[in-house]
Each structure stands twice: as C-alpha cells, then as structure tokens.
Amino acid sequence: MNKKITILAIETTCDDTAISIVEYNNNNFNIISNLISSQIKDHNPFGGVVPELASRIHIKNIIPVLDKNITDLKKYYKSEKNTFEILRENIDYIAITNKGGGLIGSQVVGVETAKTLSFLLDKPIVSINHIRAHILASFFNFNDDKNSGTIENISFPIIALTISGGHTQLVLIKDFSTWEIIGKTTDDAAGECFDKIAKLLDLGYPGGPIISKLAENGNPESIKFPRPMINSKDLNFSFSGLKTAVLYHFNELKESEKKDEQIISNICASSQQAIIDVLSKKSLDAIEKYTPGLFILAGGVAANKRLRETLKNEVKKYNTEFLMPEIPLCMDNALMVNIAAYFNILNNVDIFDYKSIKSNINRTI
Ligand code: KG4
Ligand code: ZN
C-alpha cells in the first residue's frame, strides 16, 4: 500500500477502555495517540472482573479517553480546528474489536462508540477479532523512541499460542484469510489459572503479574504439581486440575506456613513452572506437526518473562522464526486492534459501514 492511512482503534472487550490513533505510511508507523484507562483497581476487591461493573465503567470512561486522543491528534497536527473537523480530515478508518471473546456488556460500549464515530464522520469501520489482534501485535517493530517503527513482514504458515485470562489457543494461520484453532483449553484458560491460584493464595488480582513476581524468589522444582494433559496426543490443554492441586497443597499447610513468604514464593514458582512446561510442550508439538516458518507467542500471559525466555530458546532449536509483542502490548490495548485493522485494510477484508457492525463474543478466530 503506497497511501498514507490513519486508523482510530477502540478496544473495550474486558476491563480496559483503550483507544489508539496510528498513522501508517508504506509499512512505517507513527503512534499519534495510545491511551488505556484500566479498571484493575475497581475489580481488585472482587478477585476478578465483575462484568456489570466493567460495562458501567466503560460507559463512564470512553468519552473522556476519546477526548484525550483528540487532544493528542490536535497536538500532532498543530491544529486549532474543532473536534469534528480534525477527525473528519485525518482519520481514514475506525477499527473496533467486535468478535473473538470477551464480555458482551463491555464490548457493546466500544462497538456503539465506533458506530457513532463512523456514522458522523462517514468513515468505514474495520471489524477486528480480539484474538487475531493479540497475535498481530507482534508485528510492530519499534524504533528506540517506542513511538514509531516498521511493520514486520508476514511469512506463512504461522503457529500462534494465544494465552490470556479468557482464552488458551494454538492457532494455525495458513494465509491471511485461513485461521484455524488446532488446540485449546478444555476447561480454564492459562491466565485464569494464574488468577485463580492468586485468589486462593489471597494475593490479589490480576494473578499473573503477582505470581510471576513472587516466583522470582521461589524454587520452581520445590513442589511437583501436575502437568495436566502434557502427554496427551492432541494439542489441547487443561488447567483446572493444577489449580485444584495447588488448593489441596495450600490447605495442608499449617497456618504459620500459609503466611511464610518463602513457602508462598515456592508455590508460585512451582505452579508457574507447571503452566510453562505444558504451554511449551504443546507449542513444540504443534511446531513439529505443522513445521511453520514463524511461531508467535501472544496474549496477556505472554507478558510472563520466564515463559518468554523459555519459548524463545526452545523455538530457536527448530527452523522457526519467533515473534512476541513487546510486554506492554501483550495485555489488552488498542494498538493491537490498530495493527490488526491495518492488515485487514491491506487485505481488503472485514471493512463495513456502521449499519453492518454487530457485537459477538463467541471465542471464534
Ligand atoms: O489479554 P489480557 O489482558 O486480557 C484477556 O483478554 O483476558 O490477559 C489478562 C491475563 C490475566 O489472566 C493476567 O493474570 C495474565 O494475563 N497476565 C500474566 C502476566 N501478566 C498478565 N500471566 C502470567 N504472567 C504475567 N506476567
Ligand atoms: Zn485479551
């Protein structure tokens, strides 16, 4: 594509109200605005996301976030024009996550905002699948300023492991229009497992970052937790048995041990290692089976440093390239939606007018 295009992308699938504006020019990108209003503090007391609360907070936050994006846009173009004019003149597409999982009440807030913008500005909407967006976030190749860079070339076939609070999937991408789930969890998602273990250890929410931090001081081999389905012949996962094993282990401890920092760190390190072992083994099984040119690690759990190191080193042993998003782009954000829209526009797929856009939270790819 030789044309300069600017995309405004919205993500409200779960508990982040996120909007970004990115300008693309011949595979170069420039971030004009990238904002996230997180609800972690609101959901923390409940040990997980409360859907009704999440949608209400999205409603409260989305226009103030958009207002700040527009301020950034005005600054970028050093323009005194009014909001309508600056958007109408500079935004070419509105992108919205309206499929691939999440909470319906949350997603609808973003979808209706995107439809309103599309209607008023008379610009097309690009429909984005949340899971695809997590994967495509790895194609941002940032300059040192972390604000601009180039888009990596895509070489198919690709295998992607997408792991977050809501999903755990191995995806085979044969070409841009052929995405197939080749493995998935049969019960809890990997991130959900981190979150539930943290909840039963009374460590707070979200569990992944807390457990990985405490794990740094623990011994990953101190407790032999189960690695469910690690040797199953398929590419599916199961995490609920691991969570139960941690619960039984914790319940057996004396009250004083339950408060012992080293003991808790050992539980964190050992359970994290069990999750990493299963995720790595299944990823390598998928690589052996499909011999992809590229492997991508994506989703919120891909922020886990030990997992990043392990998979990077393991995948290197095969003749397979490895990509993963920068850590801040692993969790839900609007840059991943933006780049997914860029690829959709390049491939001329999933571009609609506002009347054809609907919310859908099925975990399809
Ligand atoms: O992608 P994401 O932001 O939201 C969903 O689409 O679900 O993922 C959130 C999940 C949470 O379960 C959180 O505990 C997990 O990602 N997570 C991590 C880490 N950072 C976030 N899990 C393990 N280690 C981390 N460092
Ligand atoms: Zn997500």
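Residues numbered from 1 in each chain as written. Chains lettered and ligands numbered in written order. Predicted model: local features only at pLDDT ≥ 70, side-chain atom pairs only at ≥ 80, totals over all residues. Heavy atoms only, no water.

Asker: Is there a simple way to explain the pairing of strand E11 (residues 294-298) in this structure?
Answerer: Each regular strand displays side chains that alternate between the two surfaces of the sheet. With five of five residues buried, E11 lies mostly within the body of the structure. Across five bridges, strand E8 (residues 158-163) lies against E11 in parallel orientation. Bridge pairing in E11 links leucine 161 to leucine 297. (Buried < 20%, exposed > 50% of the residue type's maximum accessible area, 1.4 Å probe, protein only. Helix = DSSP H or I, 4+ residues; strand = E, 2+ residues; numbered from the N terminus. Pairing = 2+ DSSP bridges.)

Asker: In this structure, what is going on with the sheet that holds strand E6 (residues 140-142)? I would like to understand it.
Answerer: To summarise the sheet geometry, strands pair through backbone hydrogen bonds and adopt either a parallel or an antiparallel arrangement. As summarised here, the arrangement of the eight strands in space is E6-E7-E3-E2-E1-E4-E5-E13, forming an open sheet in which the pairing is mixed. Since the sheet does not close on itself, it has two edges, and those belong to E6 and strand E13 (351-352), each with one partner. Bridging between strand E4 (residues 93-99) and strand E5 (residues 125-129) involves five bridges; their strand directions are parallel. Across the sheet, the residue bridging to threonine 97 is isoleucine 128, located in E5. Along the sheet face, helix H4 (residues 104-121) touches strand E1 (5-11), E4 and E5 and points at about 155° away from the line of E4. Its contacts with the sheet put helix H12 (residues 335-346) on E1, strand E2 (16-25), strand E3 (28-38), E4, E5, E6, strand E7 (148-151) and E13, and the angle it makes with E1 is roughly 130°. (Contact = heavy atoms within 4.5 Å. Axes fitted to C-alpha atoms, helices over the stretch in contact; angles between N-to-C directions.)

Asker: Please explain the coordination of the zinc ion (ligand 2) as it appears in this structure.
Answerer: Angles at a metal have ideal values that depend on geometry: 109.5 degrees with four tetrahedral donors, 90 or 180 degrees with six octahedral donors. Within the first shell, the zinc ion (ligand 2) binds the protein through His130 (NE2), His134 (NE2) and Asp332 (OD), at distances of 2.0 to 2.1 Å. Seen from the zinc ion (ligand 2), its four donor atoms lie at angles of 92 to 144°, and the figure they make is irregular. Expressed as a motif, the donor residue spacing for the zinc ion (ligand 2) is H-x3-H-x197-D. Separated by 202 residues along the polypeptide, histidine 130 in helix H5 (residues 130-136) and aspartate 332 in the loop between strand E12 (321-323) and H12 bring together distant segments of the chain. Judged by relative accessible area, aspartate 332 falls into the buried class, the value being 15%. (Donors = N, O, S within 2.8 Å, 3.2 Å for Na, K, Ca; no water. Tetrahedral: all angles 85-135°; square planar, octahedral: opposite > 155°, others 65-115°.)

Asker: Even after reading the chapter, I still don't get the pairing of E3, so can you show me in this structure?
Answerer: Bridge count between E2 and E3: ten bridges; the pairing is antiparallel. Bridged to isoleucine 21 within E3 is serine 33. Linkage of E2 to E3, two consecutive antiparallel strands, is achieved through a turn of two residues, within which asparagine 26 is found at a positive phi near 50°. By the bridge criterion, three bridges tie E3 to E7 in an arrangement that is antiparallel. Considered in E7, the bridge of asparagine 30 is made with serine 148.

Asker: Just to check I follow, could you spell out the site of ligand 1 for this structure?
Answerer: The environment of ligand 1 is formed by 20 residues, the closest being His134, Gly165, Asp195, Gly208 and Asp332. The contact in question runs from an oxygen atom of ligand 1 to an N or O atom on the backbone of glycine 191, over 3.2 Å. In this structure, aspartate 195 approaches ligand 1 through a side-chain N or O atom, which is 2.7 Å from an oxygen atom. Here ligand 1 has 560 Å² of accessible area as a free molecule, and 90% of this is covered by the chains. Judged by its atoms lying within 2 Å of the grid points, ligand 1 is housed in the largest pocket. Elements represented by at least two residues in the shell around ligand 1 include exactly H5, helix H6 (190-200) and helix H7 (207-215). Top contributing element to the shell around ligand 1 by residue count: H7, with four residues. Looking at side-chain class alone, the shell around ligand 1 contains seven nonpolar, eleven polar and two charged residues. When residues of the shell around ligand 1 are assigned to domains, at least three map to each of domain 1 (5-154 + 329-356) and domain 2 (158-292). (Near = heavy atom within 4 Å. Polar contact = N/O pair within 3.5 Å; in protein donor to acceptor, adjacent residues only side chain to side chain. Areas by Shrake-Rupley, 256 points an atom, 1.4 Å probe, with all protein chains shown as cover. 1 Å grid on protein atoms, 1.4 Å probe; cavity = no way out; pocket = protein on both sides within 12 Å on 5 of 7 lines; lining within 4 Å. Sits in = over half its atoms within 2 Å of the grid points. Nonpolar A, V, L, I, M, F, W, Y, C, P; charged D, E, K, R; others polar. Domains from an automatic or database assignment.)

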